[in-house]
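# Observations on chain architecture
Each chain, letter by letter, is given below.
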Amino acid sequence: MKVCTDACLFGAWVSNKATEKPAARILDLGTGTGLLSLMYAQKSSTSQIDAIEIDPAAAVQASENFLSSPWKDRLNMILADATSYAFSHSYDFILSNPPFFENDLKSKKAERNLALHSEALTLEDLLNIISRQISPKGRFAILLPWQRSAYFESLCLKKGFYLLERVSVKQTPRHAFFRTMLLFSAKENEVQDSEIIIQNSPGIYSPEFIRLLRAYYLAF
């Protein structure tokens, strides 16, 4: 699966939470090639990270990526269906870049459907897993299409989770919002609302995007 700019942005944003409030155990739901886990491990020197993935080919690639990284001792790859897997731990931080396009035209390739659609993991399934596995003081973060964020926020309220941060993402100043990065916990707090523009003009990344990705992009 290709590494997308919005996934990198989410990985950098969520990894900053590791420096703000260190978490001992992390769960990456639907890790794909392991991008988010690797980015988080780079920022956190102590966190133990479990990454679960249902697609065998993606899991193999994630395992290879983990073993090639300096943080392999803190990264654990799990090939399983997260909806039925018996996790051994609760988690202080859960992160996910879940299947997106529930109602869009589907790819002819089965593995692409698993990655891009909610065939294997709906938002309701995802939230049920989070509810079971998150520690009492834990937090979780998710990347969603902008038009799906309000629906997911309503699901979270029904489960007793409160929005802490919402970051709406645009490709350029002329584009509409297309992604939302959300942070939740079981403790109600004032919501921090902001936005990020990826490029101020074609080929020119915004200062905020550069600040977040500097630790990961060689070009910065």
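The text that follows walks through the structure, step by step, so that each part is easy to find.

What counts and how
Residues numbered from 1 in each chain as written. Predicted model: local features only at pLDDT ≥ 70, side-chain atom pairs only at ≥ 80, totals over all residues. Heavy atoms only, no water. Helix = DSSP H or I, 4+ residues; strand = E, 2+ residues; numbered from the N terminus. Rg over C-alpha atoms; globule rule 2.2 N^0.38 Å. Contact = heavy atoms within 4.5 Å. Areas by Shrake-Rupley, 256 points an atom, 1.4 Å probe, with all protein chains shown as cover. Lys, Arg positive; Asp, Glu negative; His and termini not counted. Charge placed at Lys NZ, Arg CZ, Asp CG, Glu CD. Buried < 20%, exposed > 50% of the residue type's maximum accessible area, 1.4 Å probe, protein only. Arc of directions from axis to C-beta. 1 Å grid on protein atoms, 1.4 Å probe; cavity = no way out; pocket = protein on both sides within 12 Å on 5 of 7 lines; lining within 4 Å. Points joined across faces, edges and corners; volume = space filled by probe spheres on them. Nonpolar A, V, L, I, M, F, W, Y, C, P; charged D, E, K, R; others polar. Phe/Tyr/Trp six-rings, centres within 6.5 Å; stacked < 30°, edge-to-face > 60°. Lys NZ or Arg CZ within 6 Å of the ring centre and 35° of its normal. Salt bridge = Lys/Arg side-chain N within 4 Å of Asp/Glu carboxyl O.

### Details of the overall build of the protein
When its secondary structure is counted, the protein shows seven helices and ten strands. Relative to a compact globule of 220 residues, whose C-alpha radius of gyration would be 17 Å, the protein shows 16 Å and is just as compact. When its C-alpha atoms are laid out on the principal axes, the protein stretches across 45 × 40 × 40 Å. Of the contacts made within the protein by residues no fewer than 6 positions apart, 70% connect residues no fewer than 24 positions apart. When the accessible surface of the protein is totalled, it reaches about 11,000 Å², and 52% of it is carbon and sulfur. Here the protein holds 24 positive side-chain charges and 23 negative ones, and the gap between their average locations is 3 Å.

### Considering helix H5 (residues 123-133)
For H5, every residue scored as buried is listed here: Leu123, Leu126, Leu127, Ile129, Ile130 and Gln133. Taken end-on, H5 shows its buried residues confined to a sector of 160 degrees, consistent with a single buried face. Elements that come into contact with the buried residues of H5 comprise strand S1 (25-29), strand S4 (91-96), strand S5 (134-145) and helix H6 (146-158).

### Thoughts on the layout of surface pockets
Of the pockets and cavities examined, the second largest pocket occupies roughly 260 Å³. Lining the second largest pocket are 15 residues, and of these Lys21, Arg139, Leu164, Ser185 and Asn189 sit closest to its centre. If you list the elements that add at least two residues to the lining of the second largest pocket, you get S5, strand S6 (162-170) and strand S7 (177-185). Per-element accounting of the lining of the second largest pocket gives the leading share, four residues, to S5. Of the residues assigned to the lining of the second largest pocket, the class counts are four nonpolar, four polar and seven charged.

### Details of the packing of aromatic side chains
The final tally for this structure, using the stated rule, is 13 aromatic pairs. Ring centres of Phe140 and Phe161 lie 5.1 Å apart, and the angle between their planes is 85 degrees; this geometry places the pair in the edge-to-face category. Residue Phe140 is found in strand S5, and its partner Phe161 is found in the loop between H6 and S6; the two are separated by 21 residues along the sequence. Like Phe161, Phe140 is buried. Aromatic side chains Tyr205 and Phe209 sit 4.8 Å apart centroid to centroid with 10 degrees between the ring planes, which places their arrangement in the stacked category. Members of the aromatic cluster, each reached through a chain of ring pairs, are Phe140, Phe152, Phe161 and Phe184. Here the basic side chain of Lys170 rests over the ring of Phe177, its NZ or CZ set 4.9 Å away from the ring centre.

### With respect to the environment of Leu157
Within the secondary structure layout, Leu157 lies in helix H6. On the basis of relative accessibility, which here comes to 54%, the residue Leu157 falls in the exposed class. Once the C-alpha coordinates of Leu157 and Ala186 are considered, the two residues, 29 residues apart in sequence, prove to be 9.4 Å apart.

### Brief notes about the pattern of salt bridges
The full count for this structure, using the stated rule, is six salt bridges. Among the salt bridges present, the one from Glu20 reaches Lys17, with a minimum N-O distance of 3.8 Å. Taken together, the residues span about one helical turn, with Glu20 and Lys17 both in helix H1 (residues 5-20) at a distance of three residues. Glu20 gets classed as exposed once you look at its relative accessible area, which sits at 52%.

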